[in-house]
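Given next are the chains, with one letter for each unit.
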Amino acid sequence: MVLLAAALQAGAGYATGLYRGRRRVGSFDEVTVLAATALWTTLIATDVNLLVGTERLVPMTAVVLGGFVALALQAGTRWAWRASAERRRRPTGADAAKLLVFGAGDSAASIVRSLLRDPRAPYLPVALLDDDPAKANLEIAGVAVVGGRHTITAAAQATGASALLIAIPTASSELVREVSELASPAGLAVKVLPTAGELIDGRVNVGDIRPLTDEDLLGRHQIDTDIDAIAGYLTGKRVLVTGAGGSIGSELCRQIHRFAPTQLIMVDRDESALHAVQLSLHGRALLESDDLVLADLRDRASIERVFAAHRPEVVFHAAALKHLTLLERHPYEGFRTNALATLDLLEVAADHGVERFVNVS
């Protein structure tokens, strides 16, 4: 019966692919095939034991229990071999930085296992962080969840971690900013994974870990300015900037001035603001230049006069009311300036043949 069971095991194992290397040793897929192989071996051995006559080769309980014992021994041996192999591959070098992993979902599980199986991995996961109370006692490959986002500093001190990985491909820019701000006092270098849209097959690996960028914090791609293209439509042109004395308008004037326009017309209804922007451009502010225009854009007639006198070719519209709390108390003022005045400006610009109109939202 022992020889028969061994032969049946070998035959069934070959038929199911167990002994042909089709599945990773110790994996769930292999355990499933191992169970099927043991079941077929046990069933066939039971039939043979029943067909030999009244005298059984072995007691029936020995056949059934033998199948369970064989399955347990085979599965246990394979698990022990896999666990030993993974321990040998675990990164232990001095170059492996200790890593906190924020997020304990599928992506975190994938990246933690990938790191622990690569002896040359640059990071060694030492703890997981997750805000979900249901994951408070979770462990992934022996790495335990030790708290949420507000325990980052404590976790870093307890583990000696020097880096933190945000292992949530779907994380919003707000979450990334908050976690990075919490990691800053602990001196942690923040790393991220690609967004869900950037992953080809939804899987992550060690090579996907990258430093935090401005795009991650902003939630959009950073815009690279083509300076040559800008110079092409500003140099030698008559350029008009509305709201020139404001925070955005004054900076626009300073930037535009670098490209040597034929004329830079700076429009604002605040004379002190115009004084300040002229001072920043020329180092003096006598307010004697025709390029400084004191006008209220909510007066369409004033806009018409400005465009007729200066004939601008490029317009940067930066004039606006922007303080939300105050505008919520005086909504009509915001509507007049930000909506109606902008509409008037667009129509006047079109009537006077303006080549390019840039609206600052």
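Each chain carries its own residue numbering, running from 1 in the written order of its sequence. Residue-level local features of this predicted model are given only where pLDDT is at least 70; pairs of side-chain atoms are given and counted only at 80 or more, and the full residue set underlies all totals for whole chains, interfaces and linings. The side-chain numbers reported here are obtained from all heavy atoms of the structure, hydrogens and water having been left aside.

1. Some points on a nonpolar patch on the surface
A contiguous nonpolar patch, built from L39, W40, L43 and I44 and spanning about 400 Å² of accessible area, is present on the exposed surface. For helices the rule is a DSSP run of H or I covering at least 4 residues; for strands it is a run of E covering at least 2, with both sets numbered from the N terminus onward. With respect to the helices and strands, L43 occurs in helix α2 (residues 28-51). Without a salt bridge and with relative accessible area above 30%, a residue can belong to a patch; like charges are then joined within 9 Å and nonpolar side chains (Val, Leu, Ile, Met, Phe, Trp, Tyr) within 5 Å. Here the accessible surface of atoms and residues is derived via Shrake-Rupley with a 1.4 Å probe, and residues count as covered only by protein chains that are part of the display. By definition, a salt bridge exists where a carboxyl oxygen of Asp or Glu is found within 4 Å of a side-chain nitrogen of Lys or Arg.

2. Examining the sheet that holds strand β4 (residues 143-147)
For two strands to count as paired, DSSP must find a minimum of two bridges between them. An order of β3-β4-β2-β1-β5-β6-β7 is seen for the seven strands of this open sheet, with the pairing classed as mixed. What marks the edges here is a single partner per strand, and that holds for β3 (139-140) and β7 (210-211). Bridge count between strand β1 (residues 97-102) and strand β5 (residues 163-166): four bridges; the pairing is parallel. Pairing of V101 across the sheet is with L165, part of β5.

3. Notes on the nonpolar core
Here, the term nonpolar core denotes a set of buried Ala, Val, Leu, Ile, Met, Phe, Trp, Tyr and Cys residues that are joined through side-chain atoms within 4.5 Å. Here the term buried applies to any residue with accessible area under 20% of the maximum for its type, exposed to any over 50%, and partly exposed to those in between, with areas from a 1.4 Å probe on protein chains only. Core analysis: the biggest nonpolar cluster contains 23 residues, and V112 and L115 have the highest contact counts within it. Broken down by secondary-structure element, the contributors of at least two residues to this core are β1, α4 (106-116), β2 (123-129), β4 and β5. Broken down by element, the residue count for this core peaks at six residues, all from α4. L252, M266, L274 and A318 belong to the second largest nonpolar core, which has 19 residues in total.

4. Let's talk about the packing of aromatic side chains
Two aromatic rings from Phe, Tyr or Trp, using only the six-membered ring of Trp, form a pair when their centres are within 6.5 Å; if the ring planes differ by under 30 degrees the pair is stacked, by over 60 it is edge-to-face, and anything between is tilted. In this structure the tally under the stated criterion is one aromatic pair. For the pair Y332 and F335, a centre-to-centre distance of 6.3 Å together with 40° between the ring planes defines the contact as tilted. Linking Y332 with F335, this pair stays in helix α13 (residues 331-351), spanning three residues, or about one helical turn. For Y332, a relative accessible area of 51% gives the class exposed. A relative accessible area of 43% places F335 in the partly exposed class. Only when the NZ atom of a Lys or the CZ atom of an Arg is both within 6 Å of the ring centre and within 35 degrees of the ring normal do we say a charge sits over the ring. Sitting above the plane of the Y233 ring, R356 keeps its charged end 3.8 Å from the centroid.

5. Some thoughts on the pattern of salt bridges
Think of it this way: side chains of opposite charge can pair up when their charged atoms draw near. In total, this model carries eleven salt bridges according to the counting rule given. Between R149 and D131 there is a salt bridge; the shortest N-O distance is 2.6 Å. Of the two residues, R149 sits in the loop between β4 and α5 (152-159) while D131 sits in the loop between β2 and β3, which places them 18 residues apart along the sequence. Note on D131: relative accessible area 37%, which makes it partly exposed. For E178, the salt bridge is made with R149, and the minimal N-O distance between the two is 2.9 Å. A residue pair is termed long-range when its members are at least 10 positions apart, and E178 in helix α6 (residues 173-183) and R149 in the loop between β4 and α5 qualify at 29 residues. Looking at R149, the relative accessible area reads 18%, which means it is buried. Connected through salt bridges with shared partners, the residues R300, E304, D344 and E347 form a single ionic network.

6. Here's the deal with the pairing of β1
For β1 and β2, the ladder comprises six bridges, and the chain directions are parallel. Counterpart to L100 in the pairing with β2 is A127. Call a crossover right-handed when, viewed with both strands pointing away from you, the route from the first strand across the helix to the second goes clockwise. Each parallel crossover has a hand, and the one from β1 via α4 to β2 is right-handed.

7. Observations concerning the sheet that holds strand β12 (residues 356-359)
As summarised here, the arrangement of the five strands in space is β10-β9-β8-β11-β12, forming an open sheet in which the pairing is parallel. Each edge of the open sheet carries a strand with a single partner, namely β10 (292-294) and β12. For this sheet, the mean inter-axis angle between neighbouring strands, taken without regard to orientation, is 15°. Here four bridges tie strand β11 (residues 314-317) to β12, and the two strands are oriented parallel to one another. Within β12, the position partnered with V315 by the bridge is F357. Along the sheet, helix α10 (residues 271-282) makes contact with β9 (263-268) and β10, crossing β9 at roughly 150°. Between the N-to-C directions of two axes lies an angle of 0 to 180 degrees, each axis being a line fitted to C-alpha atoms and, for a helix, fitted only over the stretch in contact. Contacts: residue pairs with any heavy atoms within 4.5 Å of one another.

8. Brief notes about helix α1 (residues 2-16)
Residues spaced three or four apart along an α-helix point in a common direction, a consequence of the helix completing one turn every 3.6 residues. For a helix, the expected span equals 1.5 Å multiplied by the number of residues minus one. Between its first and last C-alpha, α1 extends 21 Å over 15 residues, near the 21 Å set by a 1.5 Å rise per residue. Those residues of α1 that sit buried are L8, Q9, A12 and G13. For α1, the arc enclosing every buried residue in end-on projection is 125°, short of the 170-degree limit, so these residues lie on one face. Projecting away from the buried face of α1 at angles above 90 degrees are the exposed residues L3, Y14 and A15. What the arc describes is the spread of directions from the helix axis to the C-beta atoms.

9. Quick notes on the packing of helix α11 (residues 300-310) against α13
Contact geometry of α11 with α13 gives a least axis separation of 10 Å together with a crossing angle of 30°. With respect to their mutual orientation, α11 and α13 come out roughly parallel. The two elements α11 and α13 cross, and the hand of that crossing is right-handed. Of the residues in α13, those in contact with R300, I303, E304 and F307 of α11 are D344, L345, E347, V348, A349 and D351. Three categories are distinguished: nonpolar for Ala, Val, Leu, Ile, Met, Phe, Trp, Tyr, Cys and Pro, charged for Asp, Glu, Lys and Arg, and polar for the others, with Gly belonging to the last. Split by residue class, the contact of α11 with α13 holds five nonpolar, no polar and five charged. By definition in this entry, angles of less than 35 degrees are roughly parallel, angles greater than 145 are roughly antiparallel, angles of 65 to 115 are roughly perpendicular, and the rest are oblique. In this scheme, a crossing is called left-handed if the near helix is turned counterclockwise away from the far one by less than a right angle; it is called right-handed if the turn is clockwise.

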